[in-house]
Amino acid sequence: MNPKTLEALEAMQKRVHQIDESLQSSEVISDVKKFTPLNKERASLIEVVDEYIKYNEVIKNIEEAKQIISEEKDPEMLELAKMELSENEKIERKIVAIIEEMLLPKNPNDDKNVIIEIRGAAGGDEANIFAGDLMRMYRIYSEKQNWKINILESSSSEAGGFSQISFMVKGEKVYSKLKFESGAHRVQRIPKTDTKGRIQTSTATVAVLPEIDEVEIEIKNSDLRIDTYRSSGAGGQSVNTTDSAVRVTHIPTGIVAASQDERSQYANKDLAMAMLRARVYEAELEKQQAQADATRKSAVGTGARSEKIRTYNYPQNRVTDHRIGLTLNKLDQVMEGNIEEFIIALVNEEQRAIVEEQLKQNDN
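Naming follows an unreviewed UniProt entry, where the protein chain appears as Peptide chain release factor 1 of Mesoplasma corruscae. In its Sequence similarities (unreviewed entry) section, the UniProt entry covering the protein chain states "Belongs to the prokaryotic/mitochondrial release factor family." Quoted verbatim from the Function (unreviewed entry) field of the UniProt record, the comment on the protein chain reads "Peptide chain release factor 1 directs the termination of translation in response to the peptide chain termination codons UAG and UAA."

Following this line, the structure appears as structure tokens:
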């Protein structure tokens, strides 16, 4: 293994030991703002440190086998040592490959829950219907991943689907998989509303925002306006006899978040605040990041048909992801939540691009 990599791994192992000592301190245990980031840092390091411990054990076994081979005279013992050496060298190569992959730069938000916003864009009623289809696709996929969904706010369309819907997805490494879904999704099919049987092209936009913890972005209570109102269902009918729905406005930015799906006002407030933090965080990123592709505005765009990341062609049962040129002739399965093949391909492409960039930097 590269000496610099070994040096970095040794530093990580020492850091884990330091964190473990800190986490036993009563001062840290009683302070959530100290405890939470340390615990997260440990979680980000422990997997690769565990592999490094395995690596050191294997290297020790290899050295012992080599020593036996250099000194042993007994043919049978010599053969056993050679087999031991060969087996441990295979294990070493596997561990090195795992560590190298783990050390690839990661998005700091990869382990987070997400808030997904879907909006009908170009195409009128058909775009709203397709927004509903996408919501269903992500719901089924989330169920397959054992993730939990909470609806935050929605505006139903009279023709079906949603003109807009926002929901939170909670689970393990949610953002690492769903982050690639941000953008304009294009559908080609005969709308239910078309009496002449013509194929129409419509779009819905998807924005995937990482959930932001309170310790990551500070929002002052004095900067908030909180309004309560009565929840209502499809068609405007009241579904609750109390003012349990909550709308939170961040006065400095004008950013608004609301939740009405939960029966408790407190639960709705918590969900609305989670969405608000994500939106304020995103707004801050848009100010800080010069590259347009790092912001939701560029990822989602205007929803025009030309700004597409994926096309869903119903007549040909075909789905194409235009970013990686991957086409699957199983749209019927994709709409039933089977999107893992696209996600794996996008993850692999991201890792390939990272490695390529690292190689360029090393050459320079």
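Undergrad: Tell me about the side chain of S176, and name the residues and values.
TA: Within the secondary structure, S176 is located in helix α6 (residues 174–178). At 2.7 Å, the side chain of S176 and the backbone oxygen of K173 are in polar contact. If sequence neighbours within four positions are ignored, S176 has contacts with D110 and V347.

Undergrad: Break down the environment of D111 for me, citing the residues and quoting the values.
TA: Take D111: it is sitting in the loop between α4 (75–102) and β1 (114–120). Sequence separation of D111 and K173 is 62 residues, and the distance between their C-alpha atoms is 4.1 Å. At a separation of 2.9 Å, a polar atom in the side chain of D111 contacts the side chain of K173.

Undergrad: Describe the pattern of salt bridges, and please don't skip the residues or the numbers.
TA: Enumeration according to the criterion identifies 19 salt bridges in this entry. A salt bridge links R310 to D321, with the nearest nitrogen and oxygen atoms 3.1 Å apart. In this pair, R310 sits in strand β9 (residues 308–313) while D321 sits in strand β10 (residues 318–321), placing the two residues 11 residues apart along the sequence. For K330, the salt bridge identified is with E341, shortest N-O distance 3.0 Å. Of this pair, K330 sits in the loop between β11 (326–328) and α9 (331–334) while E341 sits in helix α10 (residues 340–363), placing them 11 residues apart in sequence.

Undergrad: Explain the sheet that holds strand β2 (residues 148–156) to me, using residue names and the numbers behind them.
TA: Spatially, the 8 strands line up as an open sheet ordered β2-β3-β1-β5-β4-β9-β10-β11, and their pairing is mixed. Looking at strand neighbours, the two that pair on one side only are β2 and β11, the edges of this open sheet. Across this sheet, the average inter-strand angle for adjacent strands is 15 degrees, counted without regard to direction. Sheet topology places strand β4 (residues 183–189) next to β9; 5 bridges connect them, and they run parallel. Bridging from a neighbouring strand, H185 pairs with R310 of β9.

Undergrad: Can you lay out the nonpolar core for me, pointing to particular residues and giving the numbers?
TA: Membership of the largest hydrophobic core comes to 32 residues, with the highest contact counts inside it found for I116, I118, L134, F167, L178 and Y312. Sorting the residues of this core by element identifies β1, α5 (125–144), β3 (162–170), α6, β5 (200–210), α9 and α10 as the ones contributing at least two each. Of all the elements, α5 adds the most residues to this core, at 7 residues. What Y312 contacts, discounting residues up to four positions off in sequence, is F130, L134, M137, H185, R186, V187, Q188, R318, V319, L331, V334 and M335. Counting 21 residues, the second largest nonpolar core, distinct from the first, contains I115, M168, I217 and Y281.

Undergrad: Explain helix α3 (residues 32–71) to me, and be specific about the residues and the numbers.
TA: Over its 40 residues, α3 extends 57 Å from the first C-alpha to the last, a length consistent with the 58 Å expected when each residue adds 1.5 Å. Maximal helix bending in α3 amounts to about 35 degrees, located at I46. Contact partners of the buried residues in α3: α1 (3–23), α2 (26–29) and α4.

Undergrad: Account for the sheet that holds strand β8 (residues 255–259), naming residues and giving values.
TA: Adjacent strands of a sheet pair through backbone hydrogen bonds, lying either parallel or antiparallel. Strand order in this open sheet of 3 strands is β6-β7-β8, and the pairing throughout is antiparallel. Strands with a single pairing partner mark the edges of an open sheet, and in this sheet they are β6 (224–229) and β8. The sheet shows a mean angle of 15 degrees between the axes of neighbouring strands, taken without regard to direction. Pairing of β6 with strand β7 (residues 245–250), which is carried by 6 bridges, proceeds in the antiparallel orientation. Among the inter-strand pairings, R225 is bridged to a residue of β7, identified as T249.

Undergrad: Before we move on, can you summarise the packing of α1 against α3 with the specific residues and values?
TA: At a minimum axis distance of 8 Å, the contact between α1 and α3 shows a crossing angle of 135 degrees. By the angle between their axes, α1 is oblique relative to α3. Helix-helix and strand crossings are classified by hand; for α1 and α3 the assignment is left-handed. Along the contact surface, α1 presents L6, L9, E10, M12, Q13, R15, V16, I19, D20, S22 and L23, while α3 presents F35, L38, N39, E41, R42, L45, I46, V48, V49, Y52, I53 and Y55. Grouping the amino acids of the contact of α1 with α3 by side-chain chemistry returns 15 nonpolar, 3 polar and 5 charged.

Undergrad: Tell me about a negative patch on the surface, and name the residues and values.
TA: Judged by side-chain charge, E63, E64, E84 and E87 come together as a negatively charged surface patch. Among the secondary structure elements, those contributing two or more residues to the negative patch are α3 and α4. You can see E63 is positioned in helix α3.

Undergrad: Can you tell me about the pairing of β7, naming the residues and giving the values?
TA: In terms of burial, β7 is largely enclosed, as 5 of its 6 residues are buried. Bridging between β7 and β8 involves 5 bridges; their strand directions are antiparallel. Bridge pairing in β8 places T249 opposite V256.

Undergrad: Could you give an account of the packing of aromatic side chains, with specific residues and numbers?
TA: The final tally for this structure, using the stated rule, is 3 aromatic pairs. Consider the rings of Y52 and Y55, whose centres lie 6.5 Å apart with planes at 15 degrees: the pair is stacked. Here Y52 and its partner Y55 are both found in helix α3, 3 residues apart, which amounts to about one turn of the helix. Take Y52 and Y55: they sit in the same class, and that class is buried. Ring centres 5.3 Å apart and planes at 65 degrees place the aromatic pair F130 and Y312 in the edge-to-face group. In this pair, F130 sits in helix α5 while Y312 sits in strand β9, placing the two residues 182 residues apart along the sequence. Classification of F130 by relative accessible area gives buried; the value is 0%. Its guanidinium or amino end placed over the ring of Y314, R189 lies 4.7 Å from that ring's centre, counting from NZ or CZ. Positioned over the ring face of Y229 is R247, at 4.4 Å from the centre of the ring.

Cut-off values and rules
Residues numbered from 1 in each chain as written. Predicted model: local features only at pLDDT ≥ 70, side-chain atom pairs only at ≥ 80, totals over all residues. Heavy atoms only, no water. UniProt positions renumbered as here; feature names shortened; annotations may be inferred. Helix = DSSP H or I, 4+ residues; strand = E, 2+ residues; numbered from the N terminus. Polar contact = N/O pair within 3.5 Å; in protein donor to acceptor, adjacent residues only side chain to side chain. Contact = heavy atoms within 4.5 Å. Salt bridge = Lys/Arg side-chain N within 4 Å of Asp/Glu carboxyl O. Pairing = 2+ DSSP bridges. Axes fitted to C-alpha atoms, helices over the stretch in contact; angles between N-to-C directions. Core = buried A, V, L, I, M, F, W, Y, C linked by side-chain atoms within 4.5 Å. Buried < 20%, exposed > 50% of the residue type's maximum accessible area, 1.4 Å probe, protein only. Expected span 1.5 Å × (residues − 1). Bend = angle between axes of the 7 residues up to and from the residue. Parallel < 35°, antiparallel > 145°, perpendicular 65-115°, else oblique. Left-handed = near helix turned anticlockwise from the far one by under 90°. Nonpolar A, V, L, I, M, F, W, Y, C, P; charged D, E, K, R; others polar. Patch = residues over 30% accessible without salt bridge, like charges linked within 9 Å, V, L, I, M, F, W, Y side chains within 5 Å. Areas by Shrake-Rupley, 256 points an atom, 1.4 Å probe, with all protein chains shown as cover. Lys, Arg positive; Asp, Glu negative; His and termini not counted. Charge placed at Lys NZ, Arg CZ, Asp CG, Glu CD. Phe/Tyr/Trp six-rings, centres within 6.5 Å; stacked < 30°, edge-to-face > 60°. Lys NZ or Arg CZ within 6 Å of the ring centre and 35° of its normal.

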